[in-house]
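For reference, the chains in residue letters:
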Amino acid sequence: MRPSTLDEYVGQRHLVGEGAVLRKMIDAGRISSFILWGPPGVGKTTLAHIIANKLETPFYTLSAVTSGVKDVRDVIDRAKNNRFFNAHSPILFIDEIHRFSKSQQDSLLGAVERGVVTLIGATTENPSFEVIRPLLSRCQLYVLKPLEKDDLLDLLHRAIQEDVELKKKKIILTETNAMLRFSGGDARKLLNILELVIEAEGTDEIEITDEKVVNRLQQNPLAYDKDGEMHYDIISAFIKSIRGSDPDAALYWMARMIEGGEDPQFIARRLVISAAEDIGLANPNALLLANAAFDAVMKLGWPEGRIPLAEATVYLASSPKSNSAYLGIDTALSVVKETGNLPVPLHLRNAPTSLMKELGYSDGYKYSHDYPGHFVEQQFLPDGLQNTRIWQPQHSPSEERLYQWMLQCWGDRFKSS
């Protein structure tokens, strides 16, 4: 069922739809190195194969799990020898590039920079954590999304109508909600579920209902999530238990993830996100502890790493909560999108040259440390936004101290909060 052309490709219209950025590059016949970041089963590998077919260029694949530095260099040497004058650079596809070590990634740099190969990397993990900065700076980053309901339904109908074995059977999709929910936007998982349900029936005439799907998956709950891929429902329950200040539930869901084979680094990252998003300024130490737990997991490995993860989980769940910083940055981003590139007020601009000083750059700026309490009132936002409120304190015990200081500094400007 793997598509061979962009017209057959399901989902990711923001990248490969008509007029989308990646579609334009492919149609123009010129692509630069890039990394595809997204959850499992959304078409990263398929997209790489389609691009290679479209450009009619040699295509090399490396496994980040089994390949070493020597394998990388061998592929680069072959790519050099197989490239013809004015031909497209051979494509080197590395699945799970986040599993490549620093030395393996270093060995790619020269070939990518010189255009010996066009690198396409695929990862389920945040590249800013796992890909070295020099390599990341040489690649575009494209984010793939979980497949939407219509995409998944399209895939289901296509499988039933076009798969060599399935089209021999009479399959009726009476209900699809359970299949879509269990798949979590993962095409591979969806097709695995379809296969499991059909195999369980053992006949050529099959009606698929939500009840049948649930019963089948309860009999074999990990069959649709092999190798410990992301457990979307359980990680959601884990985060919501922390946000809801229930350490017992949070530990339970973490244990479920551990038993299901979840990557400990993934759990650790979610703790860092939760500390910043849900605890925030109500207890700034939470972010420090979560980050320390992440480092400890990296140093200790498994199974000892479960201990700092548990410590951070209990601490975050039992901490007071505030999402004021999270809401504040989202508000600021909305203001920026609405108002565009407003000029920086002259008194806030840097003035390293005499010409800039003559133009009034930095003129009138008041150095806060020259005033009592290290504060003096002046305008820091652009003209037209000077009275705009963005951060709204939520008055938790820790945050209340920040709020009272803001009241002392700015007076009426902060009283509205």
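A short note on a nonpolar patch on the surface
1) Next: A cluster of nonpolar side chains, namely Y365, Y367 and F380, defines an oily patch on the protein surface of about 310 Å² accessible area.
2) Next: Along the chain, F380 falls in the loop between α18 (354-358) and α19 (397-410).

Some words on the confidence of the model for the protein
1) Next: Averaged over every residue, the pLDDT of the protein is 80; the share at 70 or more is 93%.
2) Next: Within the protein, no element has a lower average pLDDT than α18, which sits at 68, and none a higher one than helix α16 (residues 306-317), at 89.
3) Next: Low confidence marks residues 220-230, where pLDDT is under 50. Its contacts with residues over four positions away, or in another chain, come to 21 contacts.

Quick look at the packing of helix α13 (residues 247-259) against α16
1) Next: Packing of α13 against α16 leaves a shortest axis separation of 9 Å and a crossing angle of 150 degrees. Of the possible angle classes, the one that applies to α13 and α16 is roughly antiparallel. Where α13 crosses over α16, the handedness of that crossing is right-handed. Taking contact as the criterion, the partners of P247, A250, L251, M254 and I258 in α13 are, on α16, R306, L309, A310, T313, V314 and A317.
2) Next: Along the lines of polarity and charge, the residues of the contact of α13 with α16 split into nine nonpolar, one polar and one charged.

Some words on the sheet that holds strand β2 (residues 59-63)
1) Next: The five strands lie next to each other as β2-β3-β4-β1-β5, forming an open sheet whose pairing is parallel. Of all strands in the sheet, those with a lone pairing partner are β2 and β5 (140-143), marking the two edges. Here the strands of the sheet are splayed against their neighbours by 20 degrees on average, with no regard to which way each runs.
2) Next: Of the strand pairs in this sheet, strand β3 (residues 91-95) and strand β4 (residues 118-123) are connected by five bridges, and their pairing is parallel. Bridge assignment links I91 to a residue of β4, and that residue is T118.
3) Next: Docked against the sheet, helix α3 (residues 44-55) engages β1 (34-37), β2, β3 and β4, running at close to 175 degrees with respect to β3.

Cut-offs and rules
- Residues numbered from 1 in each chain as written.
- Predicted model: local features only at pLDDT ≥ 70, side-chain atom pairs only at ≥ 80, totals over all residues.
- Heavy atoms only, no water.
- Patch = residues over 30% accessible without salt bridge, like charges linked within 9 Å, V, L, I, M, F, W, Y side chains within 5 Å.
- Areas by Shrake-Rupley, 256 points an atom, 1.4 Å probe, with all protein chains shown as cover.
- Salt bridge = Lys/Arg side-chain N within 4 Å of Asp/Glu carboxyl O.
- Helix = DSSP H or I, 4+ residues; strand = E, 2+ residues; numbered from the N terminus.
- pLDDT = per-residue confidence, 0-100.
- Contact = heavy atoms within 4.5 Å.
- Axes fitted to C-alpha atoms, helices over the stretch in contact; angles between N-to-C directions.
- Parallel < 35°, antiparallel > 145°, perpendicular 65-115°, else oblique.
- Left-handed = near helix turned anticlockwise from the far one by under 90°.
- Nonpolar A, V, L, I, M, F, W, Y, C, P; charged D, E, K, R; others polar.
- Pairing = 2+ DSSP bridges.

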